[in-house]
Amino acid sequence: MNMKGRESGMPDEAYWMSFFKTEDAIDRLLGSAVQGNVIEFGCGYGSFTVPTARRTTGRVTALDIEPNMVDCVRQKAFTFGLSNIQANVRDFVAHGTGMDSESQAHAMIFNLLHLEHPVDLLREAYRILQAGGVLSVIHWRSDIATPRGPSLAIRPTPDQCQGWMGEAGFRAIELVDLQNCCPFHFGLLARR
């Protein structure tokens, strides 16, 4: 399955960044430091990649299906001197991440769980997370109109996402209040 069939498209970067206070969101979801490697499913412009790399002891593997997004992240890594970012073009929906099992401390799935088979993606995140590893999820809210995002008809609710996360094997699933930093989104955290 190719994810492009249900994507919402990326607006220009300045407009995209107006929806998030990325540093605050990463503080809420990852804390001040992550010990180990992080994988980002769908890095886009690197809005969350850069602040994540600054607080990660390991490597941030940033994956995206769009070569121009990966080029953007690589350029930011160079510009900011962040040698711990590895950005790769990959259709992880169709082909998985290509990462070793239990190799990641944290996995980020942001604005993706509207795809057709979300549990498959969550199972891949579960597979590559180490025991006790953390999954963070952000998604567009479905209870309010938003200036961007996928059709309201395909947006999952927090409850749906929590159910899918549990089905994929995650535990200790909790809702994270992102109202002050991402008013159009909700956040979830879970452990492997």
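Residues numbered from 1 in each chain as written. Predicted model: local features only at pLDDT ≥ 70, side-chain atom pairs only at ≥ 80, totals over all residues. Heavy atoms only, no water.

Another point: the pattern of salt bridges. For the coordinates displayed, the defined rule picks out nine salt bridges. Here R123 ties to E167 by a salt bridge, and the two come within 3.8 Å at their closest N and O atoms. Within this pair, whereas R123 is found in helix 6 (residues 118–128), its partner E167 is found in helix 7 (residues 158–167), the two being separated by 44 residues in sequence. Since its relative accessible area comes to 41%, R123 is described here as partly exposed. What emerges from the salt-bridge pattern is a single network uniting E23, D27, R54 and R55. (Salt bridge = Lys/Arg side-chain N within 4 Å of Asp/Glu carboxyl O. Helix = DSSP H or I, 4+ residues; strand = E, 2+ residues; numbered from the N terminus. Buried < 20%, exposed > 50% of the residue type's maximum accessible area, 1.4 Å probe, protein only.)

Counting 31 residues, the largest nonpolar core has L29, F48, M108 and F110 as its most contacted members. Those elements that place two or more of their residues in this core are helix 2 (22–30), helix 3 (49–53), strand 2 (60–64), helix 4 (67–79), strand 3 (85–89), strand 4 (104–110) and strand 5 (129–140). For this core, the element with the highest residue contribution is helix 2, accounting for four residues. The contact partners of L29, leaving out residues within four places of it in the chain, are H106, F110, S136, I138, V176, L188 and L189. (Core = buried A, V, L, I, M, F, W, Y, C linked by side-chain atoms within 4.5 Å. Contact = heavy atoms within 4.5 Å.)

Structurally, L178 is set in the loop between strand 6 (171–176) and strand 7 (185–191). According to the relative accessible area criterion, L178 is buried, its value standing at 2%. Sequence separation between L178 and R141 is 37 residues; the distance between their C-alpha atoms is 11 Å. Setting aside its immediate chain neighbours within four residues, L178 contacts R28, I138, P183, H185, F186 and G187.

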